[in-house]
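Observations on chain architecture
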Amino acid sequence: MTPFGEAVRKLRAQRGVTQREMARALGVSPAYLSALEHGRRSEPSWEFIQRVIGYFNIIWDDAEELQLLGSLSRPKVTIDTSGLSAKATEVANRLASSIAYLDSAALDEIAGLLDSVEPQPPGRLARPAMTPGRGEKLPR
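Residues numbered from 1 in each chain as written. Predicted model: local features only at pLDDT ≥ 70, side-chain atom pairs only at ≥ 80, totals over all residues. Heavy atoms only, no water.

1. Overview of the packing of helix α1 (residues 3-15) against helix α3 (residues 30-38)
Their axes nearest at 6 Å, the elements α1 and α3 cross at an angle of 120 degrees. Here α3 runs oblique to α1, going by the angle between their axes. Residue-level contacts link F4, G5, E6, V8, R9 and R12 of α1 to L33, L36, E37 and H38 of α3. Residue classes in the contact of α1 with α3 are distributed as four nonpolar, two polar and four charged. (Axes fitted to C-alpha atoms, helices over the stretch in contact; angles between N-to-C directions. Helix = DSSP H or I, 4+ residues; strand = E, 2+ residues; numbered from the N terminus. Parallel < 35°, antiparallel > 145°, perpendicular 65-115°, else oblique. Contact = heavy atoms within 4.5 Å. Nonpolar A, V, L, I, M, F, W, Y, C, P; charged D, E, K, R; others polar.)

Structure below.
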């Protein structure tokens, strides 16, 4: 599952919307929506994310956060370590071969480490804390 797929699935559950209903409203197949939620499709397009934002009537910072989740939802990632140290290449390869075996606590620890060193462009949140408009909390 991807961060975007997880958020969409939780939004659907909170609002009582089936995949079929949402897919029809967004002009995609239920199979596409299912594959997107489960991480079997590449990251969603900007246009698709905008349709989801409109469908759920998400506004302001919450819409920006959903867009960020979309950009963090590439299920097949390539890490280019050319020009970096041998240690960087080793760590990237070890992570790639081990990620499926890491538990939630280990992933949280790695994410925390990355949050502490990752340069953040202005206005970008390190770790999205999704909250929808109109006082209703979006899923985490």
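Next comes the rest of the account.
2. What to know about a nonpolar patch on the surface
Taken together, L95, I99, L107, I110, L114 and V117 make up a surface patch of nonpolar side chains, about 480 Å² in accessible area. As for its placement among the helices and strands, L114 is situated in helix α7 (residues 104-117). (Patch = residues over 30% accessible without salt bridge, like charges linked within 9 Å, V, L, I, M, F, W, Y side chains within 5 Å. Areas by Shrake-Rupley, 256 points an atom, 1.4 Å probe, with all protein chains shown as cover. Salt bridge = Lys/Arg side-chain N within 4 Å of Asp/Glu carboxyl O.)

3. Side note on helix α2 (residues 19-26)
Regarding α2, the residues found buried are Q19, M22, A23 and L26. Looking down the long axis of α2, one finds its buried residues gathered within 100 degrees of arc, a one-sided arrangement. Structural note: α2 exposes R20, R24 and A25 on the side pointing more than 90 degrees away from its buried face. In this structure, the buried residues of α2 make contact with α1, α3 and α4 (46-55). One or two steps after α2, the chain reaches G27, where phi turns positive at roughly 75 degrees. (Buried < 20%, exposed > 50% of the residue type's maximum accessible area, 1.4 Å probe, protein only. Arc of directions from axis to C-beta.)

4. Quick look at the packing of aromatic side chains
With the rule as written, the count across this model stands at three aromatic pairs. Ring plane angle 80 degrees and centroid distance 5.6 Å describe the contact between Y32 and F48, whose orientation is recorded as edge-to-face. Of this pair, Y32 sits in helix α3 while F48 sits in helix α4, placing them 16 residues apart in sequence. A ring pair is formed by Y55 and F56, whose centres lie 5.0 Å apart and whose planes are at 75 degrees; its orientation type is edge-to-face. Linked through ring pairs, F4, Y32 and F48 together constitute an aromatic cluster. (Phe/Tyr/Trp six-rings, centres within 6.5 Å; stacked < 30°, edge-to-face > 60°.)

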